[in-house]
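Letter by letter, the chains look like this.
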Amino acid sequence: MKADFIVENISEMATAAGRSPLTGTHASDLRVIRDALIASHNGRIIYAGPRKAADVEVAHGVRRMDAGARAVIPGFVDSHTHLPFAGDRSNEFLMRMQGRSYQEIAAGGGGIVTTVRATREISEDELFAISQERLDRMLLYGTTTAEAKSGYGLDLESEMKQLRVLRRLAASHPVTVISTCMCAHDFPPEYRSSRDEYISIISDQILPAVRQAGLAEFFDIFVESGVYTRLQGEVLCRRAASLGFLLKVHADELSDTGGASLAAEVGAVSAEHLLFASEEGIKKMAAAGVVATLLPGVPLFLMMDRHAPARTMIESGVAVAVATDLNPGSSYTESMPLIIQLACFRMKMKIEEALVAATLNAAHGLRRAHEIGSLEPGKWMDALILNSRSFIDLVYHFGVNPINTVIKRGRIVVGNGYLKKDRK
Ligand SMILES: [Zn+2]
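Since this is a predicted model, take the numbers as computed values, not measurements.

### Quick look at the overall build of the chain
Line of reasoning, step 1. The helix and strand tally for the chain stands at 15 helices and 16 strands.
Line of reasoning, step 2. Taken over C-alpha atoms, the radius of gyration comes to 21 Å for the chain, in line with the 22 Å a tight globule of 424 residues would show.
Line of reasoning, step 3. Among the 424 residues that make up the chain, the fraction classed as buried is 59%.
Line of reasoning, step 4. Sequence separation of 24 or more characterises 73% of the internal contacts of the chain that already satisfy a separation of 6 or more.
Line of reasoning, step 5. When the accessible surface of the chain is totalled, it reaches about 16,000 Å², and 51% of it is carbon and sulfur.
Line of reasoning, step 6. Side-chain charges of the chain comprise 47 positive and 49 negative groups, with the mean position of each set lying 5 Å from the other.

Structure (structure tokens):
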């Protein structure tokens, strides 16, 4: 096959390999190839390896990209975001800076409900515009595929509005957007004292309508004390699965409510957060192949001393992914490089493990490891050229944007740190 796009003069290419997640002693299996070359055709990689060994036919009019003797890695997969939200919670942030806890603020009528109010009020076009800006920022920081959740509507029409915005973004933005219906993010204010009624609305109205409109691939639920109980989580997960949704569970974020084992029992693709996951829960996740999506931006932003037990998980054979959890209340960032840095600095992951967690393992958490997450023939040409010669600088040179160029399906969408204006 002839290449129509070639990236050459690559100081080192650092990538995982394969179509399944890397776990245990293999969790840091990164291939680092010096003086590499990558070639693609119609957006798919046809060669990725040493330049000297490259046997690539070159099509007429091939586009050649000089990486400038810098490092190349796969595009980041941000597998957990709450992208389509309206409003801002800087007031609550200031209260937290003065020592009030996230739970105290929620109990006082703030928290998720504040964002629900703003998201219900905003028009679909406005929600699209602000979400698009965030997605642009994600792209500038190297994210080429993003999961995004509803969950700030908490009624049929507002949940559908958020999901329609995601469908429009998926069709118009270079970043691949994968949608999750998280109508069980919290209980809406109008059903605080009649929770079972809202659970029936989810079961009988929201999930069937979302499924019928083809608006979401995943269902996600916040199992936590004061939010959904473990039993409610189980009932709703089983209902969603029966309708054809793949499952995710926000589990053991602020306390151990048995969320990790619930995720294993209901066959969830991934469990999220897991700061308080029990050893038993971790063992069950390993046995069931549930991806642990760790979100180290949250304990940083909530100023907690705790972090998810990434090392225990890796040693137990759990596939670990990392993501931003972009949201206005507990992790307001679009930056995957920051998350990789926190994975190393706070959760003691190796740089290789953190990069695998942000690419191949995250892709598996979205059931996309067969087509993204590593640089190898057959997969999409989603690649990042860094500003430095080595991928080590992703963490070593922290707090800056390390991304020079973003390539999405063989197209340059960020060059020299700037977005290319023409949208697809
Ligand atoms: Zn979340």
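### Side note on unusual backbone geometry
Trans peptide bonds make up the majority, and among non-glycine residues the majority have a negative phi.
Line of reasoning, step 1. Phi at Asn42 is positive, roughly 50°, even though this residue is not glycine.
Line of reasoning, step 2. Here Asn42 is to be found in the loop between strand E2 (31-41) and strand E3 (44-50).
Line of reasoning, step 3. On the basis of relative accessible area, Asn42 is assigned to the exposed category, the value being 58%.

### Brief notes about the pairing of E3
Line of reasoning, step 1. Bridge count between E2 and E3: six bridges; the pairing is antiparallel. Looking at E3, one finds that Ala36 is bridged to Pro50.
Line of reasoning, step 2. Linkage of E2 to E3, two consecutive antiparallel strands, is achieved through a turn of two residues, within which Asn42 is found at a positive phi near 50°.

### Regarding a nonpolar patch on the surface
Line of reasoning, step 1. On the surface, Leu94, Met97 and Met303 cluster together into a nonpolar patch covering about 310 Å² of accessible area.
Line of reasoning, step 2. Topologically, Met303 is positioned in the loop between helix H10 (297-301) and helix H11 (310-315).

### Considerations on the environment of Gly68
Line of reasoning, step 1. Here Gly68 is to be found in strand E4 (residues 57-74).
Line of reasoning, step 2. In this structure, the C-alpha to C-alpha distance between Gly68 and Asn387, residues 319 residues apart in sequence, is 9.2 Å.

### Quick look at the packing of helix H3 (residues 112-121) against helix H5 (residues 156-172)
Line of reasoning, step 1. Where H3 contacts H5, the two axes come as close as 10 Å, and the packing angle between them is 75°. The angle between H3 and H5 places the two elements in the roughly perpendicular class. Between H3, through Thr119, Arg120 and Glu121, and H5, the contact on the second element is made entirely by Ser158, Lys161 and Gln162.
Line of reasoning, step 2. Taken together, the residues of the contact of H3 with H5 break down into no nonpolar, three polar and three charged.

### Considering the packing of helix H6 (residues 195-212) against helix H7 (residues 230-242)
Line of reasoning, step 1. The contact between H6 and H7 brings their axes to 10 Å, and the two run at 15°. Between H6 and H7, the crossing angle belongs to the class labelled roughly parallel. The element H6 and its partner H7 pack so that their crossing is right-handed. From H6, Asp196, Ile199, Ile202, Ser203, Leu207 and Pro208 reach across to H7, where they touch Gln232, Leu236, Arg239 and Ala240.
Line of reasoning, step 2. Class assignment for the residues of the contact of H6 with H7 results in six nonpolar, two polar and two charged.

### Regarding the coordination of the zinc ion
Line of reasoning, step 1. Coordination of the zinc ion by the protein involves His80 (NE2), His82 (NE2), His250 (NE2) and Asp325 (OD), with metal-donor separations of 2.1 to 2.4 Å.
Line of reasoning, step 2. Mapped onto the sequence, the donors of the zinc ion take the spacing H-x1-H-x167-H-x74-D. On the criterion of sequence distance, the pair formed by His82 in the loop between strand E5 (76-78) and helix H1 (90-97) and Asp325 in the loop between strand E12 (320-322) and helix H12 (336-345) is long-range, its members being 243 residues apart. Asp325 shares its class with His82; the two are buried.

### A short note on the pattern of salt bridges
Line of reasoning, step 1. One pass over the structure, following the stated rule, counts 23 salt bridges.
Line of reasoning, step 2. As a salt-bridge pair, Arg192 and Asp186 come within 3.2 Å of each other at their nearest N and O atoms.
Line of reasoning, step 3. Of the charged contacts in the structure, one is a salt bridge between Lys379 and Glu376, with a shortest N-O distance of 3.8 Å. Here Lys379 and Glu376 have matching classes, each one buried.
Line of reasoning, step 4. Salt bridges linked by common partners bring Arg230, Glu265, Glu280 and Lys284 together as one network.

### Here we look at the domain arrangement of the chain
Line of reasoning, step 1. On domain assignment, one finds that the chain holds domain 1 (2-74 + 373-419) and domain 2 (76-364).
Line of reasoning, step 2. Each of domain 1 and domain 2 has a C-alpha centre, and the two are 29 Å apart.
Line of reasoning, step 3. If you look at the interface, domain 1 gives 38 residues, while domain 2 gives 30 residues.
Line of reasoning, step 4. When domain 1 packs against domain 2, the two sides together hide about 2,800 Å² of surface, and 73% of this comes from carbon and sulfur.
Line of reasoning, step 5. Taken together, domain 1 and domain 2 are joined by zero salt bridges.
Line of reasoning, step 6. Joining domain 1 to domain 2, the criterion identifies seven residue pairs in polar contact (both at pLDDT 80 or more).
Line of reasoning, step 7. Of the residues belonging to the side of domain 1 that touches domain 2, the class tally is 23 nonpolar, 11 polar and four charged.

Parameters at a glance
Residues numbered from 1 in each chain as written. Predicted model: local features only at pLDDT ≥ 70, side-chain atom pairs only at ≥ 80, totals over all residues. Heavy atoms only, no water. Helix = DSSP H or I, 4+ residues; strand = E, 2+ residues; numbered from the N terminus. Rg over C-alpha atoms; globule rule 2.2 N^0.38 Å. Buried < 20%, exposed > 50% of the residue type's maximum accessible area, 1.4 Å probe, protein only. Contact = heavy atoms within 4.5 Å. Areas by Shrake-Rupley, 256 points an atom, 1.4 Å probe, with all protein chains shown as cover. Lys, Arg positive; Asp, Glu negative; His and termini not counted. Charge placed at Lys NZ, Arg CZ, Asp CG, Glu CD. Pairing = 2+ DSSP bridges. Patch = residues over 30% accessible without salt bridge, like charges linked within 9 Å, V, L, I, M, F, W, Y side chains within 5 Å. Salt bridge = Lys/Arg side-chain N within 4 Å of Asp/Glu carboxyl O. Axes fitted to C-alpha atoms, helices over the stretch in contact; angles between N-to-C directions. Parallel < 35°, antiparallel > 145°, perpendicular 65-115°, else oblique. Nonpolar A, V, L, I, M, F, W, Y, C, P; charged D, E, K, R; others polar. Left-handed = near helix turned anticlockwise from the far one by under 90°. Donors = N, O, S within 2.8 Å, 3.2 Å for Na, K, Ca; no water. Domains from an automatic or database assignment. Buried area = accessible area lost by both parts, 1.4 Å probe. Polar contact = N/O pair within 3.5 Å; in protein donor to acceptor, adjacent residues only side chain to side chain.

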